[in-house]
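Each chain is listed here by its residues.
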Amino acid sequence: ADAVGHLPGLTITQPVEANAVFAILPPEVTERLQRDWPFYVWDDNTGEVRWMCSWDTAPEDVDAFAADIAAAVR
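Okay, so let's go over this structure. (Residues numbered from 1 in each chain as written. Predicted model: local features only at pLDDT ≥ 70, side-chain atom pairs only at ≥ 80, totals over all residues. Heavy atoms only, no water.)

Side note on the packing of helix H1 (residues 27-34) against helix H2 (residues 59-73)
Here is step 1 of the chain: In the contact formed by H1 and H2, the axes pass within 9 Å of each other and the chain directions differ by 140°. Put simply, H1 runs oblique to H2. Our pair here, H1 against H2, has a crossing hand that is right-handed. Contacts between H1 and H2 involve Val29, Arg32 and Leu33 from the former and Asp68, Ile69, Ala71, Ala72 and Val73 from the latter. (Axes fitted to C-alpha atoms, helices over the stretch in contact; angles between N-to-C directions. Helix = DSSP H or I, 4+ residues; strand = E, 2+ residues; numbered from the N terminus. Parallel < 35°, antiparallel > 145°, perpendicular 65-115°, else oblique. Left-handed = near helix turned anticlockwise from the far one by under 90°. Contact = heavy atoms within 4.5 Å.)

Focus: the sheet that holds strand S2 (residues 20-24)
Here is step 1 of the chain: Pairing within the open sheet is antiparallel, and its 4 strands lie in the order S1-S2-S4-S3. Single-partner strands in this sheet number two, and they are strand S1 (11-12) and strand S3 (40-43).
Here is step 2 of the chain: Relative to strand S4 (residues 48-52), S2 runs antiparallel, the two being bridged by 5 bridges. Along S4, the bridge assignment pairs Ala23 with Val49. (Pairing = 2+ DSSP bridges.)

Some thoughts on a negative patch on the surface
Here is step 1 of the chain: A cluster of acidic residues, Asp56, Glu60, Asp61 and Asp63, forms a negative patch on the protein surface.
Here is step 2 of the chain: Tracing the backbone shows Asp56 in the loop between S4 and H2.
Here is step 3 of the chain: Classification of Asp56 by relative accessible area gives partly exposed; the value is 49%. (Patch = residues over 30% accessible without salt bridge, like charges linked within 9 Å, V, L, I, M, F, W, Y side chains within 5 Å. Areas by Shrake-Rupley, 256 points an atom, 1.4 Å probe, with all protein chains shown as cover. Salt bridge = Lys/Arg side-chain N within 4 Å of Asp/Glu carboxyl O. Lys, Arg positive; Asp, Glu negative; His and termini not counted. Charge placed at Lys NZ, Arg CZ, Asp CG, Glu CD. Buried < 20%, exposed > 50% of the residue type's maximum accessible area, 1.4 Å probe, protein only.)

Considering the packing of aromatic side chains
Here is step 1 of the chain: Scanning all chains against the criterion turns up 5 aromatic pairs.
Here is step 2 of the chain: Judged by centre distance (5.2 Å) and plane angle (75°), the rings of Phe22 and Trp42 are edge-to-face. Highlighted residues: Phe22 in strand S2 and Trp42 in strand S3, separated in sequence by 20 residues.
Here is step 3 of the chain: Residue classification places Phe22 among the buried residues on the basis of a relative accessible area of 17%. (Phe/Tyr/Trp six-rings, centres within 6.5 Å; stacked < 30°, edge-to-face > 60°.)

Here it is in structure tokens:
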């Protein structure tokens, strides 16, 4: 959330309290990201998505995902 919350066209919708980030993205950004990253659309009406990390998610994976998000919204 810290790495992408400032990006234009992206809104973090919930406080990050564990391993999940909820955000609203434009549909075309979601479609582009889902080509390479598996995640759920939480609410089709608003475009809210849910991003999750597991116990074995490497920091480098989070950084790569954040970089892809930034590239997709720009």
